[in-house]
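Secondary and tertiary structure notes
Next come the chains, spelled out residue by residue.
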Amino acid sequence: MTSRTVTLLDVARVAGVSKSTVSDALQGSGRVAEATRERVRAVAEELGYRPNSAARRLRRSSTGAIGLHLPQTATRLDYYMNLAFGAVARAQEEGLDVVLLAPAGVAGSASGRVASRVDGLLVIDPEVGDSAVPGLLDAGVPVVTGERYLGPAAAPSGAVICDNAASLTALLDHVTERGARHPAVLAPAGTSAWATALRATAASWGQEHGVAVALRTLPFAATPQEAEETTLALLRTDPAVDAVICAPDGAAPGVLRAAATAGRTVGTVSGRTAGGATSGRTIGGATSGRTAGSTTPGRTGEVGTHPRTPLLVASCVDGTATRSAEPPVTAVDLRPAAYGRACAELLCDILAGRTAPDTVRRHAWALETRASTTPPC
């Protein structure tokens, strides 16, 4: 027989048991003696039996798909596209399709229709102001969030989180070690856990180190033009700024353009640079690969007060824009494809009963240091 013609009844006849026993034996359910279970599986394998996946999903009230909800601005950001590809790849390994949910179609009473179409949901960077999120969290299916949801709603079944406070702290520490004395952070507006953590960390780091961190806010998905305008205004009103850390994905080239317009050289803070520094990679606060030589801060003096004082530039999100910029921009690699994969894996584990609900997993980031914050060798 071919795999297309073999049925449960065929396996039952050859194994000498009932059709229901074959079904229980192959699904690992029911009260079936271990010897019988092994015989049925051996017969099924010998005959080339393949279960009807559509029928199996119907019996289990399963759709064979999971839903993916991204922020409304995600369509033009590399980060979320890479994240989605990672989620799809992991779901496919589990035999699940991924349905991309339109934000306008899942608010309010529509959540019930969403639940009928998917076995579970991935909700990425949920914002308190997103009217769709409460309905998704209360849709009646397992939900895994990428980052925590800070608003009032049903708790998700699980979450995958990054230590965003630690990543911004690493960037601030890095530019300080490179000689910066008056850093600025262009933080994202909005109510996501990521945006909230970055704004809070900029303030707390400044207080802890006795440094006045100039904090400006940009839209969550700010364009390079918006970043350029904000940076130019910052440098004109506060010319002492000697490092700019930009949060929104893809906005760093705008900071570089603003620096050029203001006549600021990017990559070295005059008189306070490390000797013999090279590019390197820091993972979760631990350095791997090549490291810079020792940093010896010099006197502050007049540095940072002249409009042509060099400027260090870094980004909270790595991507094509930071890697291909001139000079290449130091950035936090949030590993979006791996992050999407981790979110999908947690949801698959919950759906399959391999992991208990309320599980929280952590995702590692890496600091990629490049020419925008390192002096030439």
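See the structure shown above.
The present account deals with the structure reproduced in this document. Worth saying up front: this structure is predicted, and the values here are computed from it rather than measured.

**What about the environment of C246?**
Note that C246 resides in strand 8 (residues 243-246). Under the relative-accessibility criterion, C246 is labelled buried at 0%. What C246 contacts, discounting residues up to four positions off in sequence, is L186, L218, A251, A252, V255, A314, S315 and C316.

**Quick look at the sheet that holds strand 5 (residues 158-161)**
Taken in spatial order, the six strands make up an open sheet running 2-1-3-4-5-13, and their pairing is parallel. The sheet terminates laterally at strand 2 (97-100) and strand 13 (359-362), the two strands that pair on one side only. Each strand of the sheet is rotated relative to its neighbour by a mean of 20°, with strand direction disregarded. Of the strand pairs in this sheet, strand 5 and strand 13 are connected by four bridges, and their pairing is parallel. Bridge pairing in strand 13 links V160 to R361. Running over the sheet, helix 13 (residues 336-351) touches strand 1 (65-69), strand 3 (120-124), strand 4 (143-146), strand 5 and strand 13 and is turned about 160° from strand 5.

**A few points about the packing of helix 5 (residues 78-93) against helix 13**
When two helices pack together, their arrangement is given by the angle between their axes and by how far apart the axes lie. At a minimum axis separation of 6 Å, helix 5 and helix 13 run at an interaxial angle of 40°. Taken together, the axis directions place helix 5 and helix 13 in an arrangement best described as oblique. At the point where helix 5 passes helix 13, the crossing takes the right-handed sense. Here Y79, N82, L83, G86, A87, A89, R90, A91 and E93 of helix 5 come into contact with helix 13, specifically with P336, A337, Y339, G340, R341, A344, E345 and C348. Looking at the contact of helix 5 with helix 13 residue by residue, the classes come out as 10 nonpolar, three polar and four charged.

**Let's talk about the environment of V255**
Structurally, V255 is set in helix 11 (residues 252-261). The exposure class of V255 is buried, given its relative accessible area of 0%. For the pair V255 and T230, spaced 25 residues apart in the sequence, the C-alpha separation amounts to 8.4 Å. Excluding anything up to four places from it in sequence, V255 contacts L186, A227, T231, V244, C246 and V313.

**Quick look at the pairing of strand 1**
Here strand 1 lies mainly inside the structure; five of its five residues are buried. Neither face of strand 1 is left uncovered, since the one carrying A65, G67 and H69 and the one carrying I66 and L68 both have all their residues buried. Where strand 1 and strand 2 come together, four bridges link them in parallel fashion. Across the sheet, the residue bridging to A65 is D97, located in strand 2. By the bridge criterion, four bridges tie strand 1 to strand 3 in an arrangement that is parallel. Looking at strand 3, one finds that I66 is bridged to G120.

**Here's the deal with the pairing of strand 6 (residues 183-188)**
Across the six residues of strand 6, six count as buried, placing the element largely inside the fold. As paired elements, strand 6 and strand 8 share four bridges and run parallel to each other. Along strand 8, the bridge assignment pairs P183 with A243. Here strand 6 runs beside strand 7 (residues 214-218); their pairing, made up of five bridges, is parallel. Paired with A187 across the bridge in strand 7 is T217. Traced from strand 6 through helix 9 (residues 193-209) to strand 7, the parallel crossover comes out right-handed.

**Observations regarding the nonpolar core**
Among the nonpolar cores identified, the biggest contains 50 residues, and L122, L168, I245 and C316 are the most heavily contacted of them. When residues in this core are grouped by element, the largest group, seven residues, is from helix 13. Beyond its immediate chain neighbours, meaning those up to four positions away, C316 contacts L168, L171, W194, L198, I245, C246, A247, V332 and L334. The next biggest cluster of nonpolar side chains, apart from the first, holds 21 residues, and it includes A227, C246, A252 and L256.

**What to know about the side chain of E228**
Position of E228 relative to the elements: it lies in helix 10 (residues 224-237). If we ignore the near neighbours within four places in the chain, the residues touching E228 are G254, R257, A258 and T261.

**Side note on the packing of aromatic side chains**
If you walk through the whole model with that rule in mind, you get two aromatic pairs. With 5.0 Å between their ring centres and 85° between their planes, Y79 and Y80 make a pair best called edge-to-face. Judged by its relative accessible area of 9%, Y79 falls in the buried class.

**Brief notes about unusual backbone geometry**
Negative phi values dominate among residues other than glycine, just as trans dominates among peptide bonds. Note the cis peptide between E326 and P327, where omega equals 0°. Along the polypeptide, P327 turns up in the loop between helix 12 (320-323) and strand 12 (330-333). In this structure, R335 is a non-glycine residue whose phi angle is positive, near 50°. With respect to the helices, strands and loops of the structure, R335 is situated in the loop between strand 12 and helix 13. For R335, a relative accessible area of 30% gives the class partly exposed. At D358, a position not held by glycine, the phi torsion is positive, near 70°. Positionally, D358 belongs in the loop between helix 13 and strand 13. You can call D358 exposed: its relative accessible area is 62%.

Calculation rules
Residues numbered from 1 in each chain as written. Predicted model: local features only at pLDDT ≥ 70, side-chain atom pairs only at ≥ 80, totals over all residues. Heavy atoms only, no water. Helix = DSSP H or I, 4+ residues; strand = E, 2+ residues; numbered from the N terminus. Buried < 20%, exposed > 50% of the residue type's maximum accessible area, 1.4 Å probe, protein only. Contact = heavy atoms within 4.5 Å. Pairing = 2+ DSSP bridges. Axes fitted to C-alpha atoms, helices over the stretch in contact; angles between N-to-C directions. Parallel < 35°, antiparallel > 145°, perpendicular 65-115°, else oblique. Left-handed = near helix turned anticlockwise from the far one by under 90°. Nonpolar A, V, L, I, M, F, W, Y, C, P; charged D, E, K, R; others polar. Right-handed = clockwise from strand over helix to strand, strands pointing away. Core = buried A, V, L, I, M, F, W, Y, C linked by side-chain atoms within 4.5 Å. Phe/Tyr/Trp six-rings, centres within 6.5 Å; stacked < 30°, edge-to-face > 60°.

From the geometry alone we can't say anything about function, so treat these as descriptive.
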